[in-house]
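# An overview of the molecular structure
The residues making up each chain are set out below.
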Amino acid sequence: MAKAFSYGFYHSTAWANARESALIRDNHLCQRCLAAGEITPATMVHHKEELTPANIHDPNITCGLDNLVSLCDRCHKITHGWARGGATRQGLAFDSDGNLICLHE
Ligand SMILES: [Zn+2]
Ligand SMILES: [Zn+2]
């Protein structure tokens, strides 16, 4: 989610270009789904090393293609662990690969 410190960056031309370059490199496909053999269009570009007020002015982190990966919405949520809270309350958990597993076999 965009935070105040990164608001300007996410509205910059530099980010628009870097985002586009990452999508082209990844063929507009979710790289996490692709690794699992699934073809899913990417809906966003994720920063592997999360942006912080300390690195927001470091172009290698903010726009370096090595730090960017195209993901679909679902994989992005899983990557950030946003889906975790709700699922674990129902006896579900994520393994180290981000796959949903049931704790009550
Ligand atoms: Zn995906
Ligand atoms: Zn992200």
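Above this note sits the structure.
Figured I'd write up the structure that's included with this text. For clarity, every value in this text was computed on a predicted model and none was experimentally measured. (Residues numbered from 1 in each chain as written. Chains lettered and ligands numbered in written order. Predicted model: local features only at pLDDT ≥ 70, side-chain atom pairs only at ≥ 80, totals over all residues. Heavy atoms only, no water.)

Our focus in this paragraph is the nonpolar core. Core analysis: the largest hydrophobic core is formed by 11 residues, namely Phe9, Trp15, Ala18, Ala22, Leu23, Ala42, Val45, Leu51, Ile56, Ile61 and Leu68. Here this core takes 4 residues from helix α2 (residues 13–25), the largest share from any one element. Those residues in contact with Leu23 that lie beyond four places of it in its chain are His28, Ala42, Val45 and Ser70. (Core = buried A, V, L, I, M, F, W, Y, C linked by side-chain atoms within 4.5 Å. Buried < 20%, exposed > 50% of the residue type's maximum accessible area, 1.4 Å probe, protein only. Helix = DSSP H or I, 4+ residues; strand = E, 2+ residues; numbered from the N terminus. Contact = heavy atoms within 4.5 Å.)

Turning our attention to the packing of aromatic side chains. This model, assessed by the stated rule, comprises 3 aromatic pairs. Ring centres 5.4 Å apart and planes at 85° place the aromatic pair Tyr10 and Trp15 in the edge-to-face group. Overall, Tyr10 belongs to the partly exposed group, its relative accessible area being 31%. Residue Trp15 is classed as buried on the basis of its relative accessible area, which comes to 6%. (Phe/Tyr/Trp six-rings, centres within 6.5 Å; stacked < 30°, edge-to-face > 60°.)

With that out of the way, let us pick up the coordination of the zinc ion (ligand 1). Listed as protein donors to the zinc ion (ligand 1) are Cys30 (SG), Cys33 (SG), Cys72 (SG) and Cys75 (SG); their distances from the metal cover 2.3 Å. Geometry at the zinc ion (ligand 1) is tetrahedral, judged from the 4 donor atoms that bind it and their angles of 104 to 117° at the metal. Along the chain, the residues that donate to the zinc ion (ligand 1) are spaced as C-x2-C-x38-C-x2-C. (Donors = N, O, S within 2.8 Å, 3.2 Å for Na, K, Ca; no water. Tetrahedral: all angles 85-135°; square planar, octahedral: opposite > 155°, others 65-115°.)

Once that is clear, we can look at the coordination of the zinc ion (ligand 2). Those donors, His46 (ND1), His76 (NE2) and His80 (NE2), are the protein atoms that reach the zinc ion (ligand 2), and they lie 2.0 Å from it. Sequence positions of the residues that donate to the zinc ion (ligand 2) give the spacing H-x29-H-x3-H. Of the two residues, His46 sits in strand β1 (residues 44–47) while His76 sits in helix α5 (residues 73–80), which places them 30 residues apart along the sequence. The exposure classification of His46 matches that of His76, with both residues buried.

Okay, the environment of His80 next. Its place among the elements puts His80 in helix α5. Sequence spacing of His80 and His46 is 34 residues, and the spatial spacing of their C-alpha atoms is 9.7 Å. Within the structure, the side chain of His80 is placed 3.1 Å from the side chain of His46, a separation counted as a polar contact. (Polar contact = N/O pair within 3.5 Å; in protein donor to acceptor, adjacent residues only side chain to side chain.)

What is shown is where atoms sit, not what they do.
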